[in-house]
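One-letter residues, chain by chain:
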Amino acid sequence: YVEKFGVEFWGVPGVQAYPEPKFSREITENGPFPIPGARVVIFKNATRAECVVCLPQHRLLVTCDSVQHYDQDPLLSTLGQLVITGAEYGVLVEESRAVRILGSWVRDASFVGIRISRSAALIQGNEVRAGSGPYGMGIELANTMSQAHSTIRNNVVSGSTKEGIVLHNAEAMIERNVVRGNGFRGIAINEMSMATITGNTIRDNGDAGIAVVDHSMAKIDANEISGVRAAADGTAIGIRSFYYAEV
């Protein structure tokens, strides 16, 4: 493209995976950038020169390869410890493998705090206070059965209008999370999903602490469930299983 069209080639200074062609313009956090209104954040401790670009006018975050971490790939760095506020989705991952979302703070997303779709991920050590819209959810896995199972571990998930953690046709290990103060079910295993749910603290959620429904299967062990609030039908159940589910 550079040779054929004579365009400017922008890049982040530092160690490069591909040293050719050379940059014609350097990307810096406070310098010029080809997209008006963009904000650049450079990862100063990354293995290779990397950055993300925020386009607030479009409510869009453009990321580099380091959002996905492959254990045997020397070119990539682990990315974590993000602060994400607002938007419809805090974090949206689609059609990806070996994704790690670590140690981040996700707040005020209207629909889903963290959504994994047709992907496999480790979601660990995050604080998710999101899902404030009418169908809001904290962490959602959807249509991931064709991928390796995901792990949701050591997160704090609170304040969603609907479910705190929910699976739709997905498979996951859900362990050692704190799931509290969500409007409709702390952990929900729906739509032919499979899950192991162990060692979680599940408090003050609506309808049920754990719900397994619609031909789903779950192994449930060593969870603390308390303070379940009554649903619209007046019931409040610690573990709810129905419609051909197996527990």
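Up top is the structure.
Residues numbered from 1 in each chain as written. Predicted model: local features only at pLDDT ≥ 70, side-chain atom pairs only at ≥ 80, totals over all residues. Heavy atoms only, no water.

**Notes on the overall build of the protein chain**
What counts is decided by this rule: Under the DSSP-based scheme used, a helix requires at least four consecutive residues in state H or I and a strand at least two consecutive residues in state E, with every element numbered from the N terminus. The criterion used for residue contact is that any of the two residues' heavy atoms lie within 4.5 Å. The sign given to each residue is positive for Lys and Arg and negative for Asp and Glu; His and the chain ends receive no count. Lysine's charge is taken at NZ, arginine's at CZ, aspartate's at CG and glutamate's at CD.
If you tally the helices and strands in the protein chain, you get 1 helix and 25 strands. If one aligns the C-alpha atoms of the protein chain with their principal axes, the spans along those axes are about 65 × 35 × 30 Å. Relative to all contacts within the protein chain whose residues are 6 or more apart in sequence, the contacts with residues 24 or more apart total 41%. The centroid of the 22 positive side-chain charges in the protein chain is displaced by 4 Å from the centroid of its 26 negative side-chain charges.

**Structural notes on the pairing of strand E3 (residues 39–42)**
Going by this rule: Per-residue accessibility, obtained with a 1.4 Å probe over protein chains only, is compared with the maximum for each type, and a residue is labelled buried under 20%, exposed over 50%, and partly exposed between these values. Note on pairing: two strands pair once DSSP finds at least 2 bridges between them.
Residues of E3 alternate between two faces, with Val 40 and Ile 42 buried on one and Arg 39 and Val 41 left unburied on the opposite face. Here E3 runs beside strand E4 (residues 51–55); their pairing, made up of 4 bridges, is antiparallel. The residue bridging Ile 42 from the neighbouring strand is Cys 51, located in E4.

**Notes on the sheet that holds E3**
Definition in use: In this analysis an axis means a line fitted to C-alpha atoms, helices contributing only their contacting stretch, and an angle means the value between N-to-C directions, from 0 to 180 degrees.
Strand order in the open sheet formed by 3 strands is E3-E4-E5, with antiparallel pairing between adjacent strands. Pairing within the sheet leaves two strands with one partner each, and these edge strands are E3 and strand E5 (60–62). In this sheet, neighbouring strand axes are inclined to one another by 20° on average, regardless of whether the strands run parallel or antiparallel.

**Let's talk about the pairing of strand E13 (residues 137–142)**
For E13, the buried fraction is high: 6 of the 6 residues fall into the buried class. In terms of strand pairing, strand E10 (residues 112–117) meets E13 through 5 bridges, oriented parallel. Within E13, the residue paired with Ser 117 across the bridge is Ala 142. Pairing of E13 with strand E16 (residues 165–168) involves 4 bridges; the strand directions are parallel. Opposite Glu 140, over in E16, you have Val 166 as the bridge partner.

**Comments concerning the sheet that holds strand E25 (residues 237–242)**
Sheet architecture is open: 7 strands sit in the order E7-E10-E13-E16-E19-E22-E25, paired in parallel fashion. With partners counted over all chains shown, the strands left at the sheet margins are strand E7 (89–94) and E25, one partner each. Across the sheet, the mean angle separating the axes of adjacent strands is 10° when strand polarity is ignored.

**A short note on the packing of aromatic side chains**
How two aromatic rings sit relative to each other is given by the distance of their centres and the angle of their planes. Test applied: Note on aromatic pairs: the rings of Phe, Tyr and Trp (six-membered ring only in Trp) are paired at centre separations within 6.5 Å, and the planes decide the class, stacked below 30 degrees, edge-to-face beyond 60, tilted for the rest. Note on criteria: charge over ring means Lys NZ or Arg CZ within 6 Å of the ring centre, with the direction from the centre no more than 35 degrees off the ring normal.
Under the counting rule described, the total for this entry stands at 4 aromatic pairs. For the cation-ring pair, Lys 162 lies above Phe 184, with the distance from its terminal atom to the ring centre recorded as 5.2 Å.

**Details of the pattern of salt bridges**
Our working rule: The salt bridge definition used is simple: a Lys or Arg side-chain nitrogen within 4 Å of an Asp or Glu carboxyl oxygen.
One pass over the full model with this rule turns up 11 salt bridges. The partner of Arg 25 in a salt bridge is Glu 8, and the shortest N-O contact between them spans 3.2 Å. Taken as a pair, Arg 25 in strand E2 (residues 25–26) and Glu 8 in the loop between helix H1 (2–5) and strand E1 (10–11) lie far apart in primary sequence, 17 residues in all. Across the salt bridge formed by Asp 108 and Arg 107, the nearest N and O atoms sit 3.6 Å from each other. Here Arg 107 falls in the partly exposed class, since its relative accessible area comes to 33%.

**Things to note about the environment of Val 12**
Looking at the element boundaries, Val 12 is found in the loop between E1 and E2. By relative accessible area, Val 12 is classed as buried at 8%. Taking C-alpha positions, Val 12 is 8.6 Å from Phe 23, a pair spaced 11 residues apart along the chain.

**Structural notes on the side chain of Asn 126**
Test applied: Polar contact is the term for a pair of N or O atoms within 3.5 Å; when the atoms are in protein, one must be able to donate a hydrogen and the other to accept it, and sequence-neighboring residues count only if both atoms are side-chain atoms.
Within the element layout of this structure, Asn 126 appears in the loop between strand E11 (121–124) and strand E12 (127–129). Classification of Asn 126 as buried rests on a relative accessible area of 2%. Among the polar contacts listed, one links the side chain of Asn 126 to the backbone nitrogen of Gly 103, at a separation of 3.2 Å. Here the side chain of Asn 126 touches Ser 104 through a polar contact of 2.8 Å, landing on its backbone nitrogen. Excluding its chain neighbours within four sequence positions, the residues that come into contact with Asn 126 are Ile 101, Leu 102, Gly 103, Ser 104, Ile 114, Asn 154, Asn 155 and Val 156.

**Considering the state of the cysteines**
Between two cysteines, a covalent bond joining their sulfur atoms is known as a disulfide. The test is simple: Cysteine sulfur atoms are paired as a disulfide whenever they fall within 2.5 Å.
This model, assessed by the stated rule, comprises 0 disulfides. Cys 54 carries a free sulfur, and the closest cysteine sulfur to it, the one in Cys 51, is 12 Å from it.

The analysis is restricted to geometry; functional conclusions fall outside its scope.
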